[in-house]
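Below are the chains, spelled out letter by letter.
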Amino acid sequence: MRNTLTIAGKELGAYFLQPVAYVVMTVFLLLGGFFFFSLLRRFDVVLQMYSAMQNAEQLSRFNLNQMVIDPLLQNLAIVLVILVPAITMRSFAEEKRTGTYEFLLTAPVRTGEIVAGKFIAAATFVLIMIGLAGIFPLILIMFGDPETAVMLSGYLGLAFLGVVFVAIGLFTSSITQNQIIAAISCFGALLFLYVISWPAQSGGAGLAGILRYLSLPEHFSQMVIGIIDTQDIVYFVSLILVALFLTQRSVESARWR
Amino acid sequence: MIEVKKLTKAYGSFIAIRDVCFRAERGSVLGFLGPNGAGKTTTMRIITGYMPASGGTVLIDGLDIFSQSLEARRHIGYLPESPPLYGDMRVEAYLRFVAKLRGVASAEVASAVERVLNSCGLSDMARRICGQLSKGYRQRVGLAQALIHDPPVLVLDEPTIGLDPRQIHEIRDLIKHLSGERTVVLSTHILPEVSQICDKVVIINDGQVVLEEMLSALPQGRTLEEVFLEAISRERHAGRELDEETLEEVGAGRG
């Protein structure tokens, strides 16, 4: 445990010693701010339009959660698909290239502790980033009347998504010493998990069910609209555990290859 | 004490080392010599548990580096061929990290860092960023990280490479000074270095040990260089004879 925390602390510190972390966070928050502004602007325009038309029925169906937070979270999730690979690509690949891997593997530390430490650091980083994006719902709460619980559920979904991405990113970083390969293969894997349910419409019922179950957005969307189902939590947690297990095996394999 | 027993390592079909055996006694410095590509780094990487052997074992103070890996690794301080520095950390922070990972008790981390900073002549460099250090200082930080947990066994892969003559002198003094109760194995190309600081010499060529001898037991009146060249060429000679035989066999097969 001490080793895990030592590695996690050092890794988290290392993110902030590098410009990459600041660039990634800035891009994430700038884009988030832009989405938020555009969505809110659109909400405002539509609201004024319906008010002018005195359409009470349409107006009552209107809500901030559906028109602002829901699309905002969906967009931020896509941004994470692109940014998380950039965060995790260094974790193992860089160490292999610079030779510090040799130090890490000859230190009296278990492979699992190395993987856990790096995972905690990268996950914390992503969670900090998502936490900072919490400014958008805060603004809504200050000036409007959104449903807080639904927003919390949505952000929880985004957090799970981010941590799943991190676990997959660690795995792709552990199989190569080239950061570009690590990032691209992580990006490919994430995108694939995003679109995996596309053939579901044309496939048979059994296959469609499986593809839908594997698909990230299917589970994420549930949480965005405020449904926290154990099935979705189990899905996210098992993805994280599988990816971390594969990472541990891949690092360990250096010892028997 | 390090006992290397019949160590073999194959990368695919290429055999890097074959049946390497030697012993490094406690309180002595063993010089590990050999031409480039002879298998020095491979052997050291196996001794330190970085990679497994295809065959044979290594005992570190009686602990098997494969089956009791974690415990055995605690006994080793290792300086790899290229110093394993995290480029964007400060020297001090890096050494603290290494100390914790190598199992130095939290209360003793600060004094351990202080100690190696002093003994490796890094006191003025503590606040510098590792990636911006010169080659010589990187090498010293590499040595400092190997010493930080006061290990009974030290494995140094070319510790004086890239240093200027004065630094080489200092590092050699340091290693000699360190040996005391420790087991030290160092690899090098520099023969005078071996005669200055080592008690025992092991020469490896083409992945096989061709000489294991106490320095004091080497033939009188001959320099280490002569011994080294002879040990290597004897082996080459044998290799060539073998080649000729195979050629003849091939020729016979055709006939």
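This is a predicted model, so every value here is computed, not measured.

## Examining the overall build of chain A
For chain A, the count of helices and strands is 13 helices and zero strands. Shown N-terminal to C-terminal, the secondary structure of chain A runs as helices and strands in the order α-α-α-α-α-α-α-α-α-α-α-α-α. Overall, the C-alpha framework of chain A stretches about 75 × 45 × 30 Å when taken along its three principal axes. Taken across its 257 residues, chain A has 40% of its residues classed as buried.

## Considerations on the overall build of chain B
Of regular secondary structure, chain B possesses eight helices and 10 strands. Overall, chain B is about 75 × 45 × 35 Å in size when its C-alpha atoms are taken along their principal axes. Taking all 255 residues of chain B together, the buried fraction comes to 42%. In chain B, the share of contacts with a sequence separation of at least 24, taken over all contacts with a separation of at least 6, comes to 68%.

## Quick notes on the pairing of strand E6 (residues 76-79) of chain B
Residue and element names in this part refer to chain B. Here E6 shows a buried face lined by Ile76 and Tyr78 and a second buried face lined by Gly77 and Leu79. In this sheet, strand E7 (residues 153-157) lies alongside E6 in parallel orientation, the contact comprising four bridges. Among the inter-strand pairings, leucine 79 is bridged to a residue of E7, identified as leucine 156.

## Considerations on the interface of chain A and chain B
How big an interface is tends to be expressed through the accessible area that disappears when the partners come together. Tallying the contact residues gives 20 residues for chain A and 22 residues for chain B. Of all the secondary-structure elements, those providing two or more residues to the side of chain A that touches chain B are helix H1 (2-17), helix H6 (100-106) and helix H13 (230-256) of chain A.

## Quick notes on the nonpolar core
The biggest cluster of nonpolar side chains holds 143 residues, and the ones touching the most others in it are A:Val126, A:Val166, A:Ala167, B:Ala144 and B:Val202. The greatest single-element share of this core, amounting to 14 residues, is contributed by helix H9 (residues 148-174) of chain A. Discounting chain neighbours no more than four positions away, the residues touching B:Val202 are B:Phe22, B:Leu30, B:Phe32, B:Leu33, B:Val209, B:Leu211 and B:Glu212.

## Some thoughts on the environment of A:Ile196
Residues and elements named next belong to chain A. In this structure, isoleucine 196 sits in the loop between helix H10 (179-195) and helix H11 (205-214). For isoleucine 196, a count of 18 C-beta atoms within 10 Å corresponds to the partly exposed category. Residues isoleucine 196 and glutamine 48, spaced 148 residues apart in sequence, show a C-alpha to C-alpha distance of 39 Å. Not counting residues within four places of it along the chain, the set of residues in contact with isoleucine 196 comprises Leu211, Leu214 and Ser215.

## Quick notes on the packing of H9(A) against helix H12 (residues 216-224) of chain A
Residue and element names in this part refer to chain A. Packing of H9 against H12 brings their axes to within 7 Å, and their N-to-C directions diverge by 155°. For the element pair H9 / H12, the angle class is roughly antiparallel. Counting all contacts with H9, which are made through Ser153, Gly154, Leu156, Gly157 and Leu161, the residues of H12 involved are Leu216, Phe220, Met223 and Val224. Split by residue class, the contact of H9 with H12 holds six nonpolar, three polar and no charged.

## Observations concerning the environment of B:Leu211
Residue and element names in this part refer to chain B. Residue placement: leucine 211 occurs in strand E10 (residues 208-214). Separated by 16 residues in sequence, leucine 211 and valine 227 have C-alpha atoms that sit 9.1 Å apart. Contacts of leucine 211, omitting those with residues within four sequence positions, involve Val201, Val202, Ile203 and Ala231.

## Quick notes on the sheet that holds strand E4 (residues 55-60) of chain B
All names here are of chain B. Spatially, four strands are ordered E2-E1-E4-E5 in an open sheet, and the strand pairing comes out antiparallel. Edge positions in the sheet fall to strand E2 (14-24) and strand E5 (63-64), since each has one partner strand and no second. Here two bridges tie E4 to E5, and the two strands are oriented antiparallel to one another. Bridge pairing in E5 links isoleucine 60 to leucine 63. Its contacts with the sheet put helix H1 (residues 40-47) on strand E1 (2-11), E2 and E4, and the angle it makes with E1 is roughly 120°.

## With respect to H9(A)
Here H9(A) spans 39 Å end to end across 27 residues, near enough to the 39 Å set by a 1.5 Å rise per residue. Burial runs high along H9(A): 21 of the 27 residues are buried.

## Notes on the confidence of the model for chain B
Residues and elements named next belong to chain B. Within chain B, residue pLDDT values average 85, and 92% of them lie at 70 or more. Every residue in residues 249-255 scores below 50 in pLDDT, and together they form zero contacts with partners more than four places removed in sequence or on other chains. Confidence metrics for the complex model read pTM 0.89 and ipTM 0.86.

## What about the sheet that holds E6(B)?
Within a beta sheet, neighbouring strands are joined by backbone hydrogen bonds and run either parallel or antiparallel to one another. Residue and element names in this part refer to chain B. The strand order across the open sheet built from six strands is E6-E7-E8-E3-E9-E10, with neighbouring strands paired in mixed fashion. Looking at the sheet topology across the chains shown, the edges are occupied by E6 and E10. Across the sheet, the mean angle from the axis of one strand to that of its neighbour is 15°, orientation sign disregarded. Where E7 lies against strand E8 (residues 183-188), five bridges are found, and the strand directions are parallel. Along E8, the bridge assignment pairs valine 155 with valine 185. Most of the contacts of H1 go to E7, to which it runs at about 150°, and overall it touches strand E3 (29-33), E7, E8 and strand E9 (200-205). Along the sheet face, helix H6 (residues 165-179) touches E3, E7 and E8 and points at about 150° away from the line of E8.

## Observations regarding the confidence of the model for chain A
Overall, the predicted model of chain A reaches an average pLDDT of 91, with 99% of residues at or above 70. Looking over chain A, one finds the lowest element-wise mean pLDDT in helix H3 (residues 56-61) of chain A, namely 72, and the highest in helix H7 (residues 111-132) of chain A, namely 96.

## Digging into unusual backbone geometry
Residues and elements named next belong to chain B. With a phi angle near 50°, aspartate 61 is a residue other than glycine that sits in the positive phi range. Position of aspartate 61 among the secondary structure elements: in the loop between E4 and E5. You will see that glutamate 158, though not glycine, has its phi angle at about 50°, which is positive. Judged by the 21 C-beta atoms lying within 10 Å of it, glutamate 158 is buried.

## Details of the packing of H1(A) against helix H3 (residues 91-101) of chain B
At a closest axis distance of 9 Å, the pairing of H1(A) and H3(B) adopts a crossing angle of 160°. One finds that H1(A) runs roughly antiparallel with respect to H3(B). Remark: the crossing between H1(A) and H3(B) carries left-handed chirality. Of the residues in H3(B), those touching H1(A) at A:Asn3, A:Thr6 and A:Lys10 are B:Phe97, B:Lys100 and B:Leu101.

Rules of the game
Residues numbered from 1 in each chain as written. Chains lettered and ligands numbered in written order. Predicted model: local features only at pLDDT ≥ 70, side-chain atom pairs only at ≥ 80, totals over all residues. Helix = DSSP H or I, 4+ residues; strand = E, 2+ residues; numbered from the N terminus. Buried ≥ 20, exposed ≤ 12 C-beta atoms within 10 Å, placed from the backbone. Contact = placed C-beta atoms within 7 Å. Pairing = 2+ DSSP bridges. Core = buried A, V, L, I, M, F, W, Y, C linked by C-beta atoms within 7 Å. Axes fitted to C-alpha atoms, helices over the stretch in contact; angles between N-to-C directions. Parallel < 35°, antiparallel > 145°, perpendicular 65-115°, else oblique. Nonpolar A, V, L, I, M, F, W, Y, C, P; charged D, E, K, R; others polar. Expected span 1.5 Å × (residues − 1). pLDDT = per-residue confidence, 0-100. Left-handed = near helix turned anticlockwise from the far one by under 90°.

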